[in-house]
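The lines below spell out each chain.
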Amino acid sequence: MKDNGPMKDGLMRDNGPMKDGLMRDNGPMKDGLMKDNGTTLTKGPSNGPDGPGAPDGPDAPRAPAARADRSGGNGTRTVAVTLVLWALAACFAFPVLWFVLSAFKPGSELFSYPLSVLPRDWTVQGFADAWQRIHFARYFGNTLLVASVTTVLTVLASAGTGYALAKYSARWIRVFFVCVLATTMLPTEVILTPSFAVVRELGLYDSLAGIIVPSIITATGIFMFRQFFMTVPDEILEAARIDGASEIGIFVRIMLPIARPIVVTLAIFSFQWRWNDYIWPLIVLGDQKRFTLQVALRNLIGAQNIDWPVLIAASVISLLPLLVMFLVFQRYVMNADINAGLKD
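What this report covers is the structure whose coordinates are included nearby. (Residues numbered from 1 in each chain as written. Predicted model: local features only at pLDDT ≥ 70, side-chain atom pairs only at ≥ 80, totals over all residues. Heavy atoms only, no water.)

### Overview of the overall build of the chain
The criterion, for reference: What counts as a helix is a DSSP run of H or I of at least four residues, what counts as a strand is a run of E of at least two, and both are numbered from the N terminus. The buried label goes to any residue with under 20% of its type's maximum accessible area, the exposed label to any with over 50%, and the partly exposed label to all in between, with areas taken from a 1.4 Å probe on protein chains only. By definition in these notes, contact holds between two residues if any of their heavy atoms fall within 4.5 Å. Only the protein chains shown count as cover for residues, and all accessible areas are computed by the Shrake-Rupley method using a 1.4 Å probe.
Summing up its helical and strand segments, the chain has 14 helices and two strands in all. Here the chain holds 344 residues, and the buried ones make up 33% of them. Long-range contacts, defined here as pairs at least 24 residues apart, represent 59% of the contacts in the chain between residues at least 6 apart. A total of about 22000 Å² of accessible surface is found on the chain, and carbon and sulfur atoms cover 64% of it.

What follows is the structure, encoded as structure tokens:
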């Protein structure tokens, strides 16, 4: 016998189990001998409450009961979180719902007391007046043209810049990327004056091109594409170059299709930004025939009187393109695999 350590012949040791079924200090024995607390385990599988092989007796675990308790707790937490999210959604949706329903109310009912969510007398006269009184079709077309052209150019410029920053190595490229990111720290109001001076010197004042050109480059779009293209393995580009593909062909035929989720996401954001833009078109445009929709809606607010039925109805109409665009392209954003076609 040794002081500390097992014996090969089945004798007792101080710490540790025995191979031949003798007693040990701590823990149950496999062959049905006694533990310290006096509980005897039977050899072989048993048909206890937890299934074959589970021990019987007062010390037998209650796994199904524990799992049931955990499942019940998780279910309660899930229900609580769901209720909180529905409550938040209702808080955000209620003002929008009231706004939309107010477009179907006559002017005398908008501020009548007591207030009501649903119109008492449904009418669409506000929509008809908005479409005719402020040349809505012209302003709608101007805004659609500006938003569409700017979105296409923004996506192409951001994708090309992001690709160059991600896949070409040079010190000045890294410095340029830092400068691009630094522009996000500047408020829009700070660059309005120099941007207006540049637009005026280029002869773009009072034209739709004066709204489109300064809005093409966005640091957010460049950053999105650059971060995505960094995850594309360089081996794909090398293989394409070996096959004889040009740099433009690699970008158009390989990189852009892979980056489709980023393209759609940036397109939605860019279209929304340009559609809702108010300050820059107000500064650049002087001719009312070239006004965008947001500037035209501002002209409905007079110094003495505001035609609320027309203003609300026109605002609801201006929301429709954004809503349609989101409903059409949301599945590309929600269900798109960012790493599609790539291997880990």
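Additional details are given in the paragraphs that follow.
### Side note on the packing of helix H4 (residues 136-167) against helix H10 (residues 247-258)
Put simply, the test is: For helices, the fitted line uses only the C-alpha atoms of the stretch in contact; every axis is such a line through C-alpha atoms, and the angle between N-to-C directions lies from 0 to 180 degrees. For this classification, under 35 degrees means roughly parallel, over 145 means roughly antiparallel, 65 to 115 means roughly perpendicular, and everything else is oblique. Ten residue types, Ala, Val, Leu, Ile, Met, Phe, Trp, Tyr, Cys and Pro, are classed as nonpolar, four, Asp, Glu, Lys and Arg, as charged, and the remainder, Gly among them, as polar.
Running from N to C, H4 and H10 point in directions that differ by 110°, and their axes come no closer than 12 Å. Relative to H10, the element H4 lies roughly perpendicular. Contact residues: Ala159, Gly160 and Tyr163 in H4; Glu247, Ile250, Phe251, Met255 and Leu256 in H10. Residue composition of the contact of H4 with H10, grouped by class: six nonpolar, one polar and one charged.

### Notes on the packing of helix H5 (residues 171-182) against helix H8 (residues 219-229)
For the record, the criterion: Handedness of a crossing is defined here by the sense of rotation of the near helix relative to the far one, left-handed for an anticlockwise turn of less than a right angle and right-handed for a clockwise turn.
One can describe the packing of H5 onto H8 by two numbers: an axis separation of 9 Å at closest approach and a directional angle of 135°. The angle between H5 and H8 places the two elements in the oblique class. In this structure, the crossing between H5 and H8 has a hand that is left-handed. Listed contacts from H8 to Phe177, Val180 and Leu181 of H5 are Ala219, Ile222, Phe223, Arg226 and Gln227. In the contact of H5 with H8, the residues fall into six nonpolar, one polar and one charged.

### Digging into helix H11 (residues 260-275)
Residues that lie three or four places apart on an α-helix share one face, since the helix turns once every 3.6 residues. Just so we agree on the cut-off: How far a helix is expected to stretch is found by multiplying one less than its residue total by 1.5 Å.
The end-to-end C-alpha distance of H11 is 22 Å, a good match for the 22 Å that 16 residues give at a rise of 1.5 Å each. For H11, the complete set of buried residues consists of Pro261, Ile262, Val264, Thr265, Leu266, Ala267, Ile268, Ser270, Phe271, Arg274 and Trp275.

### Comments concerning the packing of aromatic side chains
Here is the rule: To pair, rings of Phe, Tyr and Trp, with the six-membered ring standing in for Trp, must have centres within 6.5 Å; the planes then decide the type, stacked if under 30 degrees apart, edge-to-face if over 60, and tilted in the middle. The rule is short: NZ of Lys or CZ of Arg within 6 Å of the ring centre and within 35 degrees of the ring normal puts a charge over the ring.
All chains considered together, the criterion is met by 16 aromatic pairs. Ring plane angle 85° and centroid distance 5.9 Å describe the contact between Tyr163 and Phe229, whose orientation is recorded as edge-to-face. In this pair, Tyr163 sits in helix H4 while Phe229 sits in helix H8, placing the two residues 66 residues apart along the sequence. A residue is classified by how much of its surface remains accessible, and Tyr163, at 5% relative accessible area, is buried. On the numbers, 5.9 Å between centres and 65° between planes, the contact of Phe228 with Phe229 is edge-to-face. Like Phe229, Phe228 is buried. It is Arg226 that lies over the ring of Phe177; its NZ or CZ is 4.3 Å from the centre.

### Some words on the side chain of Thr143
Rules: What qualifies as a polar contact is a pair of N or O atoms within 3.5 Å, subject to a donor-acceptor requirement within protein and to the restriction that residues adjacent in sequence count only when both atoms come from side chains.
Note on placement: Thr143 falls in helix H4. Taking relative accessible area as the criterion, Thr143 reaches 2% and is therefore assigned buried. A distance of 2.6 Å separates the side chain of Thr143 from the backbone nitrogen of Leu293, its partner in a polar contact. For Thr143, the contacting residues outside a window of four places in its chain are Trp275, Thr292 and Leu293.

### Details of unusual backbone geometry
At Asp206, a position not held by glycine, the phi torsion is positive, near 60°. Mapped onto the elements of the fold, Asp206 is located in the loop between helix H6 (188-201) and helix H7 (209-212). For Asp206, a relative accessible area of 22% gives the class partly exposed.

### A look at the environment of Ser102
Considering the arrangement of structural elements, one finds Ser102 in helix H1 (residues 63-102). A relative accessible area of 7% means that Ser102 is categorised as buried. Placed 15 residues apart in sequence, Ser102 and Val117 show a C-alpha to C-alpha distance of 7.7 Å. Among the polar contacts listed, one links the side chain of Ser102 to the backbone oxygen of Trp98, at a separation of 2.7 Å.

### Describing the environment of Ser108
Here Ser108 lies in helix H2 (residues 107-110). Judged by relative accessible area, which is 66%, Ser108 ranks as exposed. Taking the C-alpha atoms as reference points, Ser108 and Pro309, separated by 201 residues in sequence, lie 9.4 Å from one another.

### Side note on the pattern of salt bridges
Let me state the cut-off plainly: Definition used for salt bridges: Asp or Glu carboxyl oxygen within 4 Å of a side-chain nitrogen of Lys or Arg.
One pass over the structure, following the stated rule, counts five salt bridges. In this structure, Arg290 and Asp206 form a salt bridge, with 3.9 Å as the shortest nitrogen-oxygen distance. Residue Arg290 is located in the loop between helix H12 (279-284) and helix H13 (293-298), and its partner Asp206 is located in the loop between H6 and H7; the two are separated by 84 residues in the primary sequence. The exposure class assigned to Arg290 is partly exposed, which follows from its relative accessible area of 34%. We note a salt bridge from Arg290 to Asp287, for which the minimum N-O separation is 3.2 Å. If you follow the salt bridges from partner to partner, you end up with Asp206, Asp287 and Arg290 in one network.

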